[in-house]
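Descriptive structure summary
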Amino acid sequence: MPTFSLSEYLTKFQTSNKASFPEVDDPSRQLNYVIDSLAISSEQINDDDTFDALLDLCQGFQHLPPKFQTQLTYLVASSLNSCSSDIKANIESNTDYNDLIDLIPRWKMNLEAYSYLVHVLLFFQQESIHTIMSHSTVNRKSKGDTGTPSNVELFRKVINQIESLCESIITVLNLDLKIILQTTPEKDLFVALFTRPLHSLMDVEATVKIGSLKMLVQRIFCLSVKNHGQSMNIQTSIMSDLTYFLHLSNFNAELLSLLNSDFQFTQLTEDVLKEISNRVFSSKDTTGPKAISAFLVKLSELSPLVMLRQLSQLITLLNSSIITLRSALVESCGNIVAKLISHASDNLSQRQDLTQQQIDTLIELLEERFCDSNPFVRTKAVQGCLKLINLNVTLNSKYKIEFTKLAVRSLSDKSSLVRRNTIKLLSQLLLKHPFAGIHGDQLKLADWLSYASSVKRKLGDNISNNSIAEEETTREHMEDIHESAMEIMNNSQSELNSPTNLIKLKLMEKYYTDAVNFIKDMHKSIYLVSILLFSKNRNEVLEAMDFVILTDAFNLDPSEKAIKKMLHLVWMKGTNDEGTSIASHLISCYKQLFFSVPDNISTAGASKYIADNLIGITMDSSVSDLTSLEKLLCAMYKQDMITNQIINVLWEIYSYPISRPNYSTTPQLKKQVHGSIIILGMLALEDGDIITKGLQYLLKVGLDRSGDADLTLCKYSCVALERIVRKGENLAIDEKQEEVTVKKIYSKIIRYTTDTEFYPMCEQALNALFVVSSRPDLITANLIKEKTMMTFGNSEEPNESTIERDTSRITSLSQLLFIVGQVAIRSLLYLEKCEAEFKRKKLVAESLKVKDPKYVNTHGGEQNDEDEEKDAELAMIGGTNEDDFSDAIQFVKEEELLFSKNSILGKFCPLVEAIVSNSSRFSDPLLQRSACLCLEKLMCVSSKYCEKSLPLLITVMEKSPDPIVRSNAVLGLGDMAVCFNNLVDENTDYLYRRLHDDDIMVQRTCLMTVTFLILAGQVKVKGQLGEMAKCLENPDQSISNMCRLFFTELATKDNAIYNGFIDIFSNLASDKVLKKESFKKIMKFLISFVDKDRHQRQLSEKLYGRLITCSNQKQWDDIAYVLNCIPYSNETISTRLKEGYKLVETDHDQLNKTVSA
């Protein structure tokens, strides 16, 4: 080969049809010949026959068998490597350039020949990769798909061949090519032989995932830039990649990082960043911004300090309308400032002031992005701050304080993504708060306020007379405070008056002020997070729960309320989504809070510790809190978290009144006893044997003298007793225990007391009596008779005055009427229970009859009396018609309970009616409340009595001055709507009027009642939704929220809001009291539920029909506002709205004007 022109060969190869290269005849012989020739020396390529044979093999590479392809690749790679090594050795051994002049032409020809062959091989290999990827699933194998084994194996072989070529290329590029290739075009052409096919190869995503190949290619690019002046070409390639290929973003970022770190060449990185900052992005371009965003983020992680130099130009991307670019730049700023802070803590150089200035600038930029218009950008800003907090170095406390204020504000963000990341940020700020150096990490506000006041007292009035430079009191002196704080706190007053200590005291004052402000910010964050506990986003709820648990560990005051609020999450239903459900996470949170015992504690001590924790939850809890706690404890009991030892400890605490007679004088001990029986009653829902085993304690404590002195204790004891377990048809207690228990309950109900706690206690006692007693009807009849005698009989006190006697009689009468009303309701439930029991027994009898038509003793042998009695009862039931029995029960309800001659309840009906209807004569509030409540309960028993007394109840509901009576009347009317729908349905207007009652309690009660009745389908909505809609703008936030929830639920039921929208609009538009702004808010809220196009169109047409007939400006404005809120667009409607209101004068109006004139 006397001459070799690289440009000619390369041009010919590039312009030729690659498929036209002929297949080599006898490739095995040709390959062996070339191997034998080059084995002597790599310079044998100068031989024409050798070169021609090798060139034919390379150009026919695609036709060669895989084995020969591998041999050929290794042959060319090893020969090029040998050639390069020889040239490098000669150059290093001959320092005189004149000695090398004669060798350079031959070196040049050999290198160009081998490099051309490498180029040809790389071309065919990258073509093979493209072919393989288009016909296989290699690219998806990492996601779990299975690829074709032959394709996968072939892919690996080609990659191995390319890697061997890349290693030889690196050897070539390590040469000083300017000695051999003396002109720039020659050198560029030569280096391009390697870089171009490798660039094309990297376009395939699967090749980038091969770590070894990626590193070799990146090193080749770096050598071409550093040693051979290919910076511009590589820059062009990088920008092209960032325009079209998403998967090359990280590759190019790693390439530039390698160039910066290993080759100390940062110019290319800076040039690429400059070009990115000057690029104008099209709104239709989606790939380019995403690729550049990923590139910037990765580069900021790998080479943050280099990127910092061009940040002043990149900052212009924050003005871009493309969200991904803004997000990427904000995230990059977070990575850069994190590196700066770490670098500043490691290297305390003279440039520390400059570094601090850069840190301040970047953090300020992050803080600004908290107010970005896009939630994803705001999220990146929050995550950037979170990254700074999580650094292993100590972050300046002023940043943490600023981050806290921003985070608290972001908790009110509309985006759940921002709020969720903000909660994470607040958690880390709390964990690493800067005020743990002096008094520990606890953040109880009262303690820190006392610390602050103590410092202020020590500082005294003399501080104003001392000139202290303002710059000496900045937050940067916090570290000095930590070191000298305790010394300052113990100094005498004379020592404190020294200038140095006065400065330190000033710093201490600032320190405590910041601490108090930080704690107050955390208090506000707990309040906001407790609202987010009921977010629709499951992950946000889980983060909020974890944050609440964390705040409790730092003794923050509002955490206790948030923990109780968290209880209500137990009602959240599980989903099919992957991950932890809210209810199960709640259980783990409460387990962590109340079931985690200190180390080195005995088993008995651990049970006592957990029992005290459980009791603590019940203290100062509302009824809703206790209801949710009940469900939670039952779930925890199912999971065996509450052991028998804990239950025994609870019974032991409950029995304190036996061993400590003066327990009632200790409020804390009293609350513990109450809490213990509350917890036991809750657990009894899951396992009634708990009460059965502790019945003796109930009889000796809650139903004994202690219960007389403490009616609250008696009430909760009766609740627990009501949940005693049943086994089949019999109680778990024997007849003797039943008799004792009934007597105890009887004595509590019959006892006279002026304590108003009697009424809730009496309600629960009667409930327990109907559960425990086998004949509650007889017991309650005797109870009412005896209480009546006590009320209307002669007083046993001879010295009692007339006023005292009348007062006691009124109180006793109130209690009697309460008992009568509750007995009526429980009797009704008792009859329904009997009916259900009859149906159950009938099913048993029928199943036995199917098994044995003659129904004889199927167990064999003789039957005892009990079995015979049971069989006889079942046989009798089997012959009774189910409808007949139901009719009998219904007859008892309607006729017997109130209208029978022997009915004891019916005898009180006239008395109750007289008291309720004569409120001026019977003016005692308690008596009126009891009588009204009794009337409502009696009305629920019989439809006949309900129809008779309904006008009286409505009158009371309308005119009673007592809001409690009105609230009870509303609830009673709601109950009757369920029992006797046909009677109440015509009078629901009276019920809706209470939505605008003067008292908030009545409004809230009415809204809850009506909400239930409508959503449950108990009443038909007849245009009253307008009255409900007005509650959306109620000043009471709880009523407004409840009403929003009602309409949200109503919207899911058969287009209910669409069907009633016109009626609602008419009602609100005609209301002269309703403000214009309130009208608009209500309409905008309701129109959001009309989301179907068909409904929007029909609604627009109906409103447009009204629009063209408007008689005044207000009507037109109201309809126009609603039409503008509806998403549906109509050209006719839009045109009419643009024209505005036009007064149309009718003939009648003109006649009136004429007459007036």
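Just so we're clear, the structure is a prediction, and the values are computed from it rather than from any experiment.

1. Focus: the overall build of the protein
- For the protein, the count of helices and strands is 58 helices and 2 strands.
- Out of the 1157 residues in the protein, the part that is buried amounts to 49%.
- Look at the contacts in the protein between residues 6 or more apart in sequence, and 73% of them connect residues 24 or more apart.
- Total accessible area on the protein is roughly 56700 Å²; 50% of this is exposed by carbon and sulfur atoms.

2. Description of the packing of aromatic side chains
- Per the stated rule, a full pass over the model turns up 25 aromatic pairs.
- Both rings, one in Phe13 and one in Tyr116, keep their centres 6.2 Å apart while their planes meet at 85°; by these two values the pair is edge-to-face. Of this pair, Phe13 sits in helix α1 (residues 6-15) while Tyr116 is found in helix α5 (residues 104-134), placing the two residues 103 residues apart along the sequence. By the burial criterion, Phe13 is buried, and Tyr116 matches it.
- For the pair Phe1065 and Phe1079, a centre-to-centre distance of 6.0 Å together with 55° between the ring planes defines the contact as tilted.

3. Quick notes on a nonpolar patch on the surface
- On the surface, Val597, Ile601 and Tyr609 cluster together into a nonpolar patch covering about 200 Å² of accessible area.
- Examined against the element boundaries, Val597 turns out to sit in the loop between α28 (582-594) and α29 (603-618).

4. Description of the packing of helix α12 (residues 249-261) against helix α14 (residues 287-302)
- Running from N to C, α12 and α14 cross one another at 35°; their axes reach a closest spacing of 8 Å. Both α12 and α14 take part in a crossing whose hand is right-handed. Residues Ser249, Asn250, Asn252, Ala253, Glu254, Leu256 and Ser257 of α12 form the contact with α14, whose own contacting residues are Ala291, Ala294, Phe295, Lys298, Leu299 and Leu302.
- The class makeup of the residues in the contact of α12 with α14 is 7 nonpolar, 4 polar and 2 charged.

5. Considerations on the side chain of Lys187
- Tracing the backbone through its elements, the reader meets Lys187 in helix α8 (residues 184-202).
- The side chain of Lys187 sits in the buried core without any salt bridge; Asp188 is the nearest counter-charge, 6.1 Å away.
- Those residues in contact with Lys187, other than ones at most four positions away along the chain, are Leu177, Leu181 and His228.

6. Describing a negative patch on the surface
- A contiguous patch of negative charge, built from Asp47, Asp48, Asp49, Asp52 and Asp56, is present on the exposed surface.
- Turning to its location among the elements, Asp56 is positioned in helix α3 (residues 48-59).
- Its relative accessible area of 41% is what places Asp56 among the partly exposed residues.

7. With respect to helix α19 (residues 375-389)
- Here α19 spans 21 Å end to end across 15 residues, near enough to the 21 Å set by a 1.5 Å rise per residue.
- Of the residues making up α19, those classed as buried are Val377, Arg378, Thr379, Ala381, Val382, Gly384, Cys385, Leu386, Leu388 and Ile389.
- With a side-chain oxygen lying 2.8 Å from the backbone nitrogen of Phe376, the N-terminal cap of α19 falls on Asn374.

8. A word on the environment of Asp612
- Turning to its location among the elements, Asp612 is positioned in helix α29.
- Considering only alpha carbons, one finds Asp612 and Leu650, 38 residues apart in sequence, at a separation of 8.5 Å.
- Beyond its immediate stretch of four places on either side in the chain, Asp612 contacts Ile653 and Gln672.

9. Notes on the packing of helix α46 (residues 943-959) against helix α47 (residues 963-979)
- Where α46 meets α47, the closest approach of the two axes is 9 Å, and the angle between their N-to-C directions is 145°. Here α46 runs over α47; the crossing is left-handed. In this structure, α46 contributes Cys946, Leu950, Leu953, Val956 and Met957 to the contact, and α47 contributes Val965, Arg966, Ala969, Val970, Leu973 and Met976.

10. Here we look at the pattern of salt bridges
- Applying the stated rule across the entire model yields 37 salt bridges.
- A salt bridge links Glu254 to Lys214, with the nearest nitrogen and oxygen atoms 3.0 Å apart. Of this pair, Glu254 sits in helix α12 while Lys214 sits in helix α10 (residues 211-228), and the two are 40 residues apart along the sequence.
- Among the residues examined, Lys214 registers a relative accessible area of 17% and is labelled buried.
- Across the pair Glu331 and Lys380 runs a salt bridge whose closest N-O atoms are separated by 3.2 Å. With Glu331 in helix α17 (residues 323-346) and Lys380 in helix α19, this residue pair connects regions lying 49 residues apart in the sequence.

11. Thoughts on the state of the cysteines
- The full count for this structure, using the stated rule, is 0 disulfides.
- Between Cys979, a cysteine without a disulfide, and Cys940, which holds the nearest cysteine sulfur, the sulfur-to-sulfur distance is 4.7 Å.
- Look at Cys979 and you get partly exposed, because its relative accessible area is 40%.

12. Quick notes on the side chain of His199
- Examined against the element boundaries, His199 turns out to sit in helix α8.
- The exposure class of His199 is buried, given its relative accessible area of 15%.
- Among all residues touching His199, those that are not within four sequence positions of it are Phe221, Ile234, Ser237 and Asp241.

13. Focus: the confidence of the model for the protein
- The share of residues in the protein with pLDDT of 70 or more is 87%, and the mean pLDDT across the chain is 84.
- Contacts of residues 141-146 to residues separated by more than four positions or lying in other chains number 5 contacts, the stretch itself having pLDDT below 50.
- A low-confidence stretch, residues 1144-1157 stays under pLDDT 50, and its non-local contacts, those more than four residues away or across chains, total 3 contacts.

14. Overview of unusual backbone geometry
- We note that Asp26 has phi near 50°; this positive angle belongs to a residue other than glycine.
- If you trace the backbone, Asp26 turns up in the loop between α1 and α2 (27-40).
- Of the residues examined, Asp26 reaches a relative accessible area of 42% and is grouped as partly exposed.

15. Topic: the environment of Ser949
- Mapped onto the elements of the fold, Ser949 is located in helix α46.
- With 11 residues separating them in the primary sequence, Ser949 and Leu938 have C-alpha atoms 9.6 Å apart.

16. Some thoughts on the environment of Asp47
- Along the chain, the position of Asp47 falls in the loop between α2 and α3.
- Overall, Asp47 belongs to the partly exposed group, its relative accessible area being 31%.
- For Asp47 and Ser37, which are 10 residues apart along the polypeptide, the C-alpha to C-alpha distance reads 9.1 Å.
- For Asp47, the side chain forms a polar contact with the side chain of Thr50, separated by 2.9 Å.

About the criteria used
- Residues numbered from 1 in each chain as written.
- Predicted model: local features only at pLDDT ≥ 70, side-chain atom pairs only at ≥ 80, totals over all residues.
- Heavy atoms only, no water.
- Helix = DSSP H or I, 4+ residues; strand = E, 2+ residues; numbered from the N terminus.
- Buried < 20%, exposed > 50% of the residue type's maximum accessible area, 1.4 Å probe, protein only.
- Contact = heavy atoms within 4.5 Å.
- Areas by Shrake-Rupley, 256 points an atom, 1.4 Å probe, with all protein chains shown as cover.
- Phe/Tyr/Trp six-rings, centres within 6.5 Å; stacked < 30°, edge-to-face > 60°.
- Patch = residues over 30% accessible without salt bridge, like charges linked within 9 Å, V, L, I, M, F, W, Y side chains within 5 Å.
- Salt bridge = Lys/Arg side-chain N within 4 Å of Asp/Glu carboxyl O.
- Axes fitted to C-alpha atoms, helices over the stretch in contact; angles between N-to-C directions.
- Left-handed = near helix turned anticlockwise from the far one by under 90°.
- Nonpolar A, V, L, I, M, F, W, Y, C, P; charged D, E, K, R; others polar.
- Lys, Arg positive; Asp, Glu negative; His and termini not counted.
- Charge placed at Lys NZ, Arg CZ, Asp CG, Glu CD.
- Expected span 1.5 Å × (residues − 1).
- Polar contact = N/O pair within 3.5 Å; in protein donor to acceptor, adjacent residues only side chain to side chain.
- Disulfide = S-S within 2.5 Å.
- pLDDT = per-residue confidence, 0-100.

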